[in-house]
Amino acid sequence: MSIEVPKKVKYLIIGAGVHGLSTGWHLAKELKARGRGTGEDVVIVDKTTIASGASGIACGVVRNFYYQPAMGEVIRVSVEVWESDPEAFHYQGVGYMALVSEVQANDLDSIYERQERGGYRSSLICGEENVFKYMQRMFPDWKARGLTRCLHEHQGGFAFNTASMFGLAKKAEDEGVRILSGVEVTGFEMNGDGAVKRVETNRGLIEVETVVIGAGPWVKNLWTKLDLPLKIDITGRDGKLHKDVDMW
């Protein structure tokens, strides 16, 4: 049976992994909530099928253990999404633990402080003997020494990768989003302002108002098709501007 690809769509999302599927689901809900449309305005295309790329082989860990401060609030909300429907997402809320020696102790202290400010449930255990006893209470055969910090996230856990992606896809489809497999993006047609007006695929042209690229590791190919710069300027930690750095 041939895939029916629309000639025109308001929102086209490229990629049916975690980024594309989550964007489709949340966009559909937001359009409805604001009275600006429904999931029927959203189409997700993938050159193969749902979870056929990195999302289908990911380790599935769900945690808020990130050193970058900007990630903390984003991940906190992300964990809440996983917790909102564990059965649909095949999510196991078993928590997450990180143990380090003194050389990384300050990093865990900082992460814990951010989690505490954001209301993310976790415990910080300090001192080698305290860490050792804490771990032995859970794992009687624990023998590791030299660890002076334990960050125990009582939220987080893991999800079964492929199954969770199909659960996410169903969430999107229940909102009216169409997910089309076997539709490969081969190019873009731009308007005079440099915005995408049509997306070229192996199943024909799709006229669009907005394109969202959620292609994960394949984004470089689409970046090139959009004629975006291969060199960029970056301000380093030293405050200096480093010009013409390779994008990829």
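Note that this is a predicted model, so its numbers are computed, not measured. (Residues numbered from 1 in each chain as written. Predicted model: local features only at pLDDT ≥ 70, side-chain atom pairs only at ≥ 80, totals over all residues. Heavy atoms only, no water.)

## Looking at the packing of aromatic side chains
- Overall, the coordinates contain 8 aromatic pairs when judged by the stated rule.
- Judged by centre distance (5.9 Å) and plane angle (40 degrees), the ring pair of Phe65 and Tyr96 falls under tilted. Here Tyr96 lies in strand β5 (residues 96-100) and Phe65 lies in the loop between β3 (61-62) and α2 (69-84), a separation of 31 residues in the sequence.
- Overall, Tyr96 belongs to the buried group, its relative accessible area being 19%.
- Taking 5.7 Å as the distance between ring centres and 70 degrees as the angle between the ring planes, the aromatic pair formed by Trp82 and Phe89 counts as edge-to-face.
- Exposure remark for Trp82: the relative accessible area of 17% places this residue in the buried category.
- Among the aromatic residues, those joined into a ring-pair cluster are Trp25, Trp82, Phe89 and Tyr91.
- Over the aromatic face of Tyr66 sits the side chain of Arg63, whose NZ or CZ is 5.3 Å from the ring centroid.
- We note Arg145 situated over the ring of Phe132; from NZ or CZ to the ring centre the distance is 3.6 Å. (Phe/Tyr/Trp six-rings, centres within 6.5 Å; stacked < 30°, edge-to-face > 60°. Helix = DSSP H or I, 4+ residues; strand = E, 2+ residues; numbered from the N terminus. Buried < 20%, exposed > 50% of the residue type's maximum accessible area, 1.4 Å probe, protein only. Lys NZ or Arg CZ within 6 Å of the ring centre and 35° of its normal.)

## Quick word on the sheet that holds strand β4 (residues 91-92)
- On the basis of which strands lie adjacent, the open sheet formed by 3 strands has the order β3-β8-β4 and antiparallel pairing. Among the strands making up the open sheet, the edge pair consists of β3 and β4.
- With 2 bridges joining them, β3 and strand β8 (residues 157-159) adopt antiparallel strand pairing. Paired with Val61 across the two strands is Phe158, which belongs to β8. (Pairing = 2+ DSSP bridges.)

## Description of the environment of Val183
- In this structure, Val183 sits in the loop between β9 (178-181) and β10 (185-190).
- Through-space distance from the C-alpha of Val183 to that of Thr201 is 6.4 Å; in sequence the pair is 18 residues apart.

## Side note on the packing of helix α1 (residues 18-33) against helix α6 (residues 161-174)
- Interaxial distance between α1 and α6 falls to 8 Å at its minimum, and their mutual angle equals 25 degrees. With respect to each other, α1 and α6 are oriented roughly parallel. Crossing hand, α1 versus α6: left-handed. Residues Val18, Leu21, Ser22 and Trp25 of α1 pack against Met165, Leu168, Ala169, Lys171 and Ala172 of α6.
- Of the residues assigned to the contact of α1 with α6, the class counts are 7 nonpolar, 1 polar and 1 charged. (Axes fitted to C-alpha atoms, helices over the stretch in contact; angles between N-to-C directions. Parallel < 35°, antiparallel > 145°, perpendicular 65-115°, else oblique. Left-handed = near helix turned anticlockwise from the far one by under 90°. Contact = heavy atoms within 4.5 Å. Nonpolar A, V, L, I, M, F, W, Y, C, P; charged D, E, K, R; others polar.)

## Examining the sheet that holds β9
- Pairing is mixed across the open sheet formed by 6 strands, whose spatial order is β9-β2-β1-β12-β11-β10. The two strands at the open ends of the sheet, each matched to only one other strand, are β9 and β10. Neighbour-to-neighbour, the strand axes of this sheet turn through a mean angle of 40 degrees, independent of strand direction.
- Here 4 bridges tie strand β1 (residues 8-14) to strand β2 (residues 42-46), and the two strands are oriented parallel to one another. Bridge pairing in β2 links Tyr11 to Val42.
- With respect to the sheet, α1 is in contact with β1, β2, β9 and β12 (204-213), its orientation differing from that of β2 by roughly 175 degrees.

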